[in-house]
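Descriptive structure summary
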Amino acid sequence: MGCRLNLAEGETIRALLTGRDTIVVNSCAVTNEAVKQTRQAIRRARRERPDAELVVTGCAAQIDPASFAAMPEVNRVIGNAEKLTYSAWTADAPVLVQDIMAVRETAPHLAASFSTHARAFVEVQNGCDHRCTFCAIPYGRGNSRSVPAGAVIERIAALAENHAEIVLTGVDLTSYGPDLPGAPSLGQLVERILTHVPRLRRLRLSSLDGIEIDDRLFALLTQETRLQPQVHLSLQAGDDLVLKRMKRRHSRADSVGLVQRLKAARPEIAIGADLIAGFPTETDAMFANTLALLDDCEIVHAHIFPYSPRAATPAARMPQVAPALVKARAARLREAAETRRSRWLQSLIGSAQQILVERPGDRGHAGNFAEVRLAPVQVGDIVTVTIKAVEDGRLIA
């Protein structure tokens with residue numbers, strides 16, 4: 001469930017459980033809806049596999065292990081730190097969840113390949129030291145901690161044998177490095193990866209906090225051809241007062257200015273963003289500023305979240321927007337985002353795009369992360385195609 005970091009860790013879990021009749025639900029807690037979907041997945045899995053061992057892990061399980069242990073469908077609950085260790089999966093304890101805030105290191109990467117994915121995901125950072133008022137994830141992931149560059153490069157070098165594209169993942173990816181000797185930055189890590197893994201053809205970064213994109217990382221994003229022309233930003237809102245109440249560290253002008261600089265330096269960069277609709281105290285005018293951010297930041301990959309009050313977070317104690325209005329604003333944001341995305345896809349007709357071919361061989365993603373349908377070819381190959389049309393939100397080659 002949830003983020004790319006869970007996906008990366010899921011491959012490690014798969015390797016640890018080879019040969020066992022076990023269902024693992026790797027849960028998400030980013031919103032109340034994500035927790036609800038986790039519970040639905042648990043019940044569905046039990047109906048489909050009544051005799052299998054069923055284990056729940058991930059952020060929702062870490063934050064509220066007792067509620068999942070109480071579900072009759074669940075055999076065991078394992079915490080976020082424990083889930084990447086062999087000992088946790090051979091233990092008998094029905095609940096194995098430690099204090100995530102006490103964790104100071106990341107677990108080793110054990111997945112040798114991503115058998116079900118054309119691209120491989122590599123965790124380089126975990127946890128978060130920031131405390132945005134709406135977010136419960138630090139309580140599921142703990143404080144920020146980084147994987148030493150040598151271990152990252154070793155893992156990527158092995159994965160690059162079978163995967164043309166690697167995605168660097170983390171909870172707060174741009175906070176990489178301060179806890180390591182010499183305090184390397186994310187930009188320095190990317191430089192080392194590109195230098196020491198010449199076989200790697202495509203590198204992609206997961207969500208970035210724009211305020212932490214320094215000059216080194218900016219230069220790589222705009223000048224390094226192996227770094228794919230797609231930047232996903234954790235913007236959350238387009239109104240300064242809402243951003244302040246969220247305890248974000250950037251302003252609206254910071255976001256717009258960053259995107260203008262990125263597009264000026266590398267026009268083909270596609271901008272993605274996370275945006276929250278209906279944050280507590282949000283007025284119509286505040287929402288209008290977020291809606292306008294879609295155009296002002298040329299966002300074509302929008303992840304829209306209706307605000308969800310998470311227990312024990314400061315935002316949950318703020319004056320709430322009526323649920324029906326939150327839902328309506330999220331729908332309006334999604335509609336506007338889809339309109340902008342459709343115009344962008346139409347603009348790509350006639351262009352040549354390099355596609356990483358994904359299963360089952362007739363689809364893939366361009367460097368700008370537009371989805372493309374094409375004639376069946378070998379999964380995992382990178383092919384150059386000419387875009388002929390747009391159909392159902394996808395490019396047709």
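In this report, we go over the structure that sits alongside the text. (Residues numbered from 1 in each chain as written. Predicted model: local features only at pLDDT ≥ 70, side-chain atom pairs only at ≥ 80, totals over all residues. Heavy atoms only, no water.)

**Details of the pairing of strand 14 (residues 363-366)**
With 4 bridges joining them, strand 13 (residues 352-358) and strand 14 adopt antiparallel strand pairing. When the bridges of strand 14 are listed, I355 appears paired with A366. Linking two consecutive strands that pair antiparallel, namely strand 13 and strand 14, is a turn of 4 residues; a positive phi of about 115 degrees is found at G361 within it. Relative to strand 15 (residues 371-373), strand 14 runs antiparallel, the two sharing 3 bridges. Within strand 15, the residue paired with G364 across the bridge is V372. The antiparallel hairpin formed by strand 14 and strand 15 contains 4 residues in its connecting segment, where F369 sits at a positive phi of about 70 degrees. (Pairing = 2+ DSSP bridges. Helix = DSSP H or I, 4+ residues; strand = E, 2+ residues; numbered from the N terminus.)

**Re the environment of V95**
For V95, the position within the fold is in strand 4 (residues 95-96). Separated by 40 residues in sequence, V95 and V55 place their C-alpha atoms 9.8 Å apart.

**What to know about the packing of aromatic side chains**
Taken as a whole, this structure holds 2 aromatic pairs when the rule is applied. Where F279 meets Y307, the ring centres are 5.6 Å apart and the plane angle is 75 degrees; that geometry is what we call edge-to-face. Residue F279 is located in the loop between strand 11 (270-277) and helix 12 (284-296), and its partner Y307 is located in the loop between strand 12 (299-306) and helix 13 (323-347); the two are separated by 28 residues in the primary sequence. Its relative accessible area of 0% is what places F279 among the buried residues. (Phe/Tyr/Trp six-rings, centres within 6.5 Å; stacked < 30°, edge-to-face > 60°. Buried < 20%, exposed > 50% of the residue type's maximum accessible area, 1.4 Å probe, protein only.)

**Some thoughts on unusual backbone geometry**
Put simply, R359 and P360 share a cis peptide bond, and its omega is 5 degrees. Position of P360 among the secondary structure elements: in the loop between strand 13 and strand 14. Phi is positive for F369, close to 70 degrees, though the residue is something other than glycine. As for its position among the elements, F369 is in the loop between strand 14 and strand 15.

**Observations regarding the side chain of R248**
Its place among the elements puts R248 in the loop between helix 10 (240-246) and helix 11 (252-265). Judged by its relative accessible area of 14%, R248 falls in the buried class. Here the side chain of R248 touches S234 through a polar contact of 2.7 Å, landing on its backbone oxygen. Once residues lying within four places of it in the same chain are set aside, the contact partners of R248 are C132, F134, D209, S234, L235, Q236 and L243. (Polar contact = N/O pair within 3.5 Å; in protein donor to acceptor, adjacent residues only side chain to side chain. Contact = heavy atoms within 4.5 Å.)

**Brief notes about the sheet that holds strand 13**
Pairing between the strands of a sheet is mediated by backbone hydrogen bonds and can be parallel or antiparallel. In space, the 6 strands of this open sheet follow the order 16-13-14-15-18-17, with mixed pairing throughout. The two strands at the open ends of the sheet, each matched to only one other strand, are strand 16 (382-386) and strand 17 (389-391). On average, adjacent strands in this sheet sit at an angle of 40 degrees to one another, irrespective of strand direction. Here strand 15 pairs with strand 18 (residues 394-396) via 2 bridges, running parallel. Each bridged residue has a counterpart across the sheet, and for V372 the counterpart in strand 18 is L395. (Axes fitted to C-alpha atoms, helices over the stretch in contact; angles between N-to-C directions.)

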